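Given next are the chains, with one letter for each unit.
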Amino acid sequence: MTPAIRFKLSLMMFLEFFIWGAWFVTLGTYLLKGLNTTATQVGAAFLTQSIGAIVAPFVIGLIADRFFSAQKILGVLHLLGAGLLWLASQATDFSAFYPYILSYMIVYMPTLALVNSISFRQMQNPQKEFATIRVLGTLGWIIAGLTIGWLNWEQGGNLVLTFRMAAGASLLLGLFSFTLPPTPPVKKEGKSSIGDLLGLGAIGLLKNRSYLIFFIASVAICVPLSFYYGFTNPFLNEVGMKSAAGVQSLGQVSEVLFMLLIPVFFVRLGVKKMLAIGMLAWVVRYLFFAYGDGNSAYWMLIAGIVMHGICYDFFFVTGQIYTDNLAGEQSKSAAQGFITLATYGVGMLLGSLLSGQIVDAHKTTGDLHDWQTIWLIPAGIAAAVLAVFLLLFKDQNAPAKTEELAFAETKARIEV
């Protein structure tokens, strides 16, 4: 890979996740404060991510994999996305806002797979080359959060500008995409079925009792996960944290650090302990949020944010490695698609519907909420999932070889 191509791919990754982080983290606060919505409506807005995740395989499987070059589709989707984000920023109420953000997530979610596809096609050794490029995406998300905090858009009531900033970045990436290395579709024999596009070719994995328990736990743990994505930023702002979006970027810093340690922990602890630690981290995080505040217990809020690396990497990345190890050579991609559809599709959808109603049910006076009770609910859900998992899951698989693990970890991370 030439330095010029490496630079282009790195910039592509940076912009891809800068765009998402620019508006997604503060979406709940914007809706509650800017458009005066209910928490149930906030949950409905975050549900659009799940809808996009369900639609994405069709876009990739039916269009990108067969008819048009990936970089051209990426460009078109981001140009459309720029317009939709700008229109969303003009909406004055939720009924006008929702169609734009729904359309945007249907357009955006397929681009997550497209940037990976474009990157892989330029690499001779993805195991060694991809991580240094993908990390620019996490950096983009971090920079977006720090920018929002630095410009004081949360406290200043100017979060509408996050959508315009994201629209500008989307326009830039849309135009830049047409300069990326050509990535034409790979010719395939036969036709892809709907089952292939959704990863249902890997459904046979559920015959393995332990994998079935893991699969159910993956869907269930995404219910409390939805509370974090949808309501952490409104919560932090309500308890008085300054530059909350910027502080939340510590979660992505933690994610990068723990990502580097995953291979070491995996070899030493095994699948069951890794997954259990990940679920336990969700319980602890929500307990920190429940009993933390903007004064003497401020450290609990920071600790809960920093635990994101353990929460995400130990469960989701480990789970994707576990899935990769169990799947046959012909169904590895299908298996990753299957688990992603189940978690970000079904699990997050259920969580988005439930979390908004719970937050609304615990509204106290004015715009304030009983956050302690709210956070104890996802903590309880995560604890119940953990208990069932520990009781029923059996790790009967041979340990992965170190060199195979390194590749599986990288691949698992990018499949998300």
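Refer to the structure presented above.
Model, not experiment: these values are computed from the prediction.

It is worth spelling out the overall build of the protein chain at this point. When helices and strands are counted, the protein chain shows 16 helices and 0 strands. In the protein chain, which comprises 416 residues, the proportion classed as buried is 56%. Sequence separation of at least 24 residues holds for 85% of the intrachain contacts in the protein chain that already meet a minimum separation of 6. Summed over all atoms, the accessible surface of the protein chain reaches about 16,900 Å², with 66% contributed by carbon and sulfur.

What follows covers the environment of Val 283. By the secondary structure assignment, Val 283 is in helix α11 (residues 250-291). Look at Val 283 and you get buried, because its relative accessible area is 12%. For the pair Val 283 and Pro 224, spaced 59 residues apart in sequence, the C-alpha to C-alpha distance is 9.2 Å. Aside from chain neighbours lying at most four places away, what touches Val 283 is Ala 379, Ala 382 and Ala 383.

Right, let's get into the packing of aromatic side chains. Per the counting criterion, the structure on display carries 33 aromatic pairs. Geometrically, the ring pair formed by Tyr 104 and Tyr 108 is stacked, given 5.7 Å between the ring centres and 20° between the ring planes. Of this pair, Tyr 104 and Tyr 108 both sit in helix α5 (residues 94-121), 4 residues apart, roughly one helical turn. For the pair Tyr 104 and Tyr 108, a shared accessibility class is recorded, and that class is buried. Summarising the aromatic geometry, the rings of Tyr 228 and Phe 289 are spaced 6.4 Å apart at their centres and angled 10° between planes, so their arrangement reads as stacked. Separated by 61 residues along the polypeptide, Tyr 228 in helix α9 (residues 209-238) and Phe 289 in helix α11 bring together distant segments of the chain. For Phe 289, a relative accessible area of 1% corresponds to the buried category. In this arrangement the basic side chain of Arg 134 is found over the ring face of Phe 17, its NZ or CZ atom lying 4.1 Å from the centre. In this arrangement the basic side chain of Arg 164 is found over the ring face of Trp 86, its NZ or CZ atom lying 5.5 Å from the centre.

The next point concerns α9. An α-helix turns once per 3.6 residues; consequently, residues spaced three or four apart project the same way. Taking 1.5 Å of rise per residue, the 30 residues of α9 would be expected to cover 44 Å, and the 44 Å separating its terminal C-alpha atoms lies within 8% of that figure. Residue Phe 231 marks the point of greatest curvature in α9, where the axis turns by about 55°; the proline Pro 234 follows within four residues. α9 sits mainly inside the fold: 25 of its 30 residues count as buried. Two to three positions downstream of the cap, the backbone nitrogen of Ser 210 sits 3.0 Å from a side-chain oxygen, assigning the N-cap of α9 to Asn 208. Looking one or two residues past α9, Gly 240 carries a phi angle of roughly 100°, positive in sign.

Quick look at the side chain of Ser 69 now. Relative to the helices and strands, Ser 69 is located in the loop between α3 (39-64) and α4 (70-90). Aside from chain neighbours lying at most four places away, what touches Ser 69 is Thr 183, Pro 184 and Pro 185.

The next point concerns the packing of helix α2 (residues 27-34) against α9. Direction vectors running N to C along α2 and α9 enclose 60°, while the axes themselves pass 6 Å from each other. On the basis of the axis angle, α2 is oblique to α9. Residue-level inspection shows Gly 28, Thr 29 and Leu 32 of α2 in contact with α9, the latter providing Gly 230, Asn 233, Pro 234 and Asn 237. Counted by class, the contact of α2 with α9 contains 2 nonpolar, 5 polar and no charged residues.

For the rest of this paragraph, the subject is the environment of Leu 136. Here Leu 136 shows up in helix α6 (residues 126-150). Residue Leu 136 is classed as partly exposed on the basis of its relative accessible area, which comes to 23%.

With that out of the way, let us pick up empty space enclosed by the protein. Inspection of the entire model under this criterion finds 2 cavities of 30 Å³ or more. For the second largest cavity, the calculated volume is near 50 Å³. Lining the second largest cavity, in full, are Phe 214, Ser 218, Phe 315, Phe 316, Gly 319, Gln 320, Ile 339 and Thr 343.

Before going further, it helps to spend a moment on unusual backbone geometry. Of note, the phi angle at Asn 152 is positive, near 60°, even though the residue is not glycine. One can find Asn 152 in the loop between α6 and α7 (160-177). One non-glycine residue, Ser 243, adopts positive backbone phi at about 50°. Mapped onto the secondary structure, Ser 243 falls in the loop between α9 and α10 (244-248).

Basis of the calculations
Residues numbered from 1 in each chain as written. Predicted model: local features only at pLDDT ≥ 70, side-chain atom pairs only at ≥ 80, totals over all residues. Heavy atoms only, no water. Helix = DSSP H or I, 4+ residues; strand = E, 2+ residues; numbered from the N terminus. Buried < 20%, exposed > 50% of the residue type's maximum accessible area, 1.4 Å probe, protein only. Contact = heavy atoms within 4.5 Å. Areas by Shrake-Rupley, 256 points an atom, 1.4 Å probe, with all protein chains shown as cover. Phe/Tyr/Trp six-rings, centres within 6.5 Å; stacked < 30°, edge-to-face > 60°. Lys NZ or Arg CZ within 6 Å of the ring centre and 35° of its normal. Expected span 1.5 Å × (residues − 1). Bend = angle between axes of the 7 residues up to and from the residue. Polar contact = N/O pair within 3.5 Å; in protein donor to acceptor, adjacent residues only side chain to side chain. Axes fitted to C-alpha atoms, helices over the stretch in contact; angles between N-to-C directions. Parallel < 35°, antiparallel > 145°, perpendicular 65-115°, else oblique. Nonpolar A, V, L, I, M, F, W, Y, C, P; charged D, E, K, R; others polar. 1 Å grid on protein atoms, 1.4 Å probe; cavity = no way out; pocket = protein on both sides within 12 Å on 5 of 7 lines; lining within 4 Å. Points joined across faces, edges and corners; volume = space filled by probe spheres on them.

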